[in-house]
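Here is how the chains run, residue by residue.
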Amino acid sequence: MSVRKADIVVLGAGVIGVCVALYLQRDGHEVVLVDQDEPGNGCSFGNAGLIQCASVVPVATPGVARAVPRMLLDKNQPLHIRWRHLPTLTPYLLRFLAESRPDRAARNARALSTIVPRAYDDYRPLIEAAGISAMVRSTGELHVFETDAAFEAARSGGFAIRRSHGVRVEELDAAQVGELEPALTNTVRHGLFLPDCHQTVNPKSFVAALAGHFIANGGTFIQARVEDVQVGPQGKVTVATTNGAVGADHIVLSFGAFSAPWARRLGVRVQLDSERGYHVMLPQPGVALNRTVVSGEYKFALAPIDGRVRIVGTAELARVGAPPAYERATRLIPLARHILPGLDDAGRTLWMGHRPSTPDSLPVLGQLPRHPNVIFAFGHNHSGLTLGGTTGRIVADLVASRPSVVDLSSFRPTRFYS
Ligand SMILES: Cc1cc2nc3c(=O)[nH]c(=O)nc-3n(C[C@H](O)[C@H](O)[C@H](O)COP(=O)(O)OP(=O)(O)OC[C@H]3O[C@@H](n4cnc5c(N)ncnc54)[C@H](O)[C@@H]3O)c2cc1C
């Protein structure tokens, strides 16, 4: 069987794999990108489209332990854990609870604050080279509150953490919120505005455009399922796919939520699970938004995608192959109509995606100690679209043996079981 040769093979053409491939291509490498699907059809397809340069707060924070029983018993919680999958999820949950200790949560927020605020700057070279600046708008992200209690809790909780890491937060009154988003309910009393967040017009077309640029510049995309990966005694890598084999000097694993078994095959056990999220796309909403709006009370987002409205949210821990629970998404429709009166759900479509989540909310990013030519780049949790550019840049620096722009020790692939 003939083996296609490349300098580097990148596994997975979600936003992470595509950005990694582009940054490596900019360094002059011959890159092969492999995915069983079209680029951007995994979790990168249906998210809120935000490059959230303010997301420095991990999911596991002090107090989360008290919420776990509710997460198990009440399907309406923003984060629900499916009972049936508890035995498989237990190691993840135990680590998640450990990461919620004040010292660990503070350390994880610090690690996020080294990569998240720089995310847009690291995207800029890719966006400009691809000529797609019009696909990203610098509109900020608006959190709205109908009650003083929810506002104060957010202000002294997650938003205080953001501020302590230098993230700009603006406090708005009801009139200022109304000026930004005239279509919102007049029951909104407060707003917290994050001016340094950016909105892609549609995450799928954004990733597809970046992948198109990679191919137009001579990059190879193979649409095939990866069936095996081998690292030879000299470190050479061979990837077997349903459409032939690829041999390379380096390999980057970017299979998102599906990466754990491949990581194990490459010699490292990681704690990674699917934190499933849902959206409802409303093709003729009848009302318009200028930016993504997050409900402080109900913890879901309304995102302007292609000039329409996408209701995005909820998180559910279950096994990767478990069937979707679309009622989690449809349950958000009346809440969305409450925030955005007159919202029309005619012709709605539903979607579920697998967030690649880790118990410490940090990506798995770095070289394997035994095989420095094997690089992991997955586990971007709620911020994969945000961190595409930064991850690409970091991986290219590792391959080129340039000093990394951030300290990678918190993200190291071996941190879970060492
Ligand atoms: C509801 C929701 C809203 C979100 N909103 C945001 C947001 O606004 N901003 C943000 O930054 N993040 C957001 N996220 C998170 C973000 O979507 C993810 O972190 C990101 O998409 C992960 O990208 P990825 O490239 O790692 O994975 P994916 O996009 O899932 O790509 C992995 C790829 O690997 C391929 N693959 C897997 N196994 C194989 C195999 N054996 N052979 C070949 N190919 C394979 C898959 O086909 C897939 O294309 C949201 C997530 C959800 C669910």
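This one's a predicted model, so the numbers in the text were calculated from it and none came from an experiment.

### Focus: helix α4 (residues 102-115)
Structurally, the α-helix is built with 3.6 residues per turn, so residues lying three or four positions apart point the same way.
Argument step 1. Over its 14 residues, α4 runs 21 Å from end to end, which matches the ideal 20 Å to within 8%, given 1.5 Å per residue.
Argument step 2. Of the positions making up α4, those classed as buried are R104, A105, N108, A109, A111, L112 and I115. Angular distribution of buried residues about the axis of α4 spans 160°; they occupy a single face of the element.
Argument step 3. Elements in contact with the buried residues of α4: α3 (86-99), α5 (119-130), α7 (158-164) and α13 (388-399).

### A word on the domain arrangement of the chain
Interface size is commonly expressed as the accessible surface area that is lost when the partners come together.
Argument step 1. Under the domain assignment used here, the chain contains domain 1 (1-61 + 102-132 + 198-270 + 358-418) and domain 2 (63-100 + 273-356).
Argument step 2. Each of domain 1 and domain 2 has a C-alpha centre, and the two are 24 Å apart.
Argument step 3. Regarding the contact of domain 1 and domain 2, the summed buried area is about 2500 Å², with carbon and sulfur atoms giving 56% of it.
Argument step 4. Between the two partners, domain 1 and domain 2, sit 2 salt bridges.
Argument step 5. One salt bridge connects R104 with E99, and the closest N-O pair in it is separated by 3.1 Å.

### Some words on the environment of I81
Argument step 1. As for its position among the elements, I81 is in strand β4 (residues 79-81).
Argument step 2. For I81 and T241, which are 160 residues apart along the polypeptide, the C-alpha to C-alpha distance reads 34 Å.
Argument step 3. Contacts of I81, omitting those with residues within four sequence positions, involve V68, M71, L72, L86, L89, L93 and L317.

### Side note on the sheet that holds strand β3 (residues 50-51)
Argument step 1. The strand order across the open sheet built from 3 strands is β3-β9-β5, with neighbouring strands paired in antiparallel fashion. Each edge of the open sheet is held by one strand with a lone partner, namely β3 and β5 (136-137).
Argument step 2. In terms of strand pairing, β5 meets strand β9 (residues 198-200) through 2 bridges, oriented antiparallel. Each residue of the ladder has a partner; that of V136, found in β9, is T200.

### Examining unusual backbone geometry
When glycine is set aside, most residues are seen to have a negative phi, and most peptide bonds are trans.
Argument step 1. Look at K299: it is not a glycine, yet its phi comes out positive at around 60°.
Argument step 2. Locating K299 in the fold gives a position in the loop between β15 (292-295) and β16 (300-305).
Argument step 3. When its relative accessible area of 52% is taken as the criterion, K299 is described as exposed.
Argument step 4. The backbone phi angle of D306 is positive, close to 55°, even though this residue is not glycine.
Argument step 5. Counting through the fold element by element, D306 comes out in the loop between β16 and β17 (308-317).

Conventions we followed
Residues numbered from 1 in each chain as written. Predicted model: local features only at pLDDT ≥ 70, side-chain atom pairs only at ≥ 80, totals over all residues. Heavy atoms only, no water. Helix = DSSP H or I, 4+ residues; strand = E, 2+ residues; numbered from the N terminus. Expected span 1.5 Å × (residues − 1). Buried < 20%, exposed > 50% of the residue type's maximum accessible area, 1.4 Å probe, protein only. Arc of directions from axis to C-beta. Contact = heavy atoms within 4.5 Å. Domains from an automatic or database assignment. Buried area = accessible area lost by both parts, 1.4 Å probe. Salt bridge = Lys/Arg side-chain N within 4 Å of Asp/Glu carboxyl O. Pairing = 2+ DSSP bridges.

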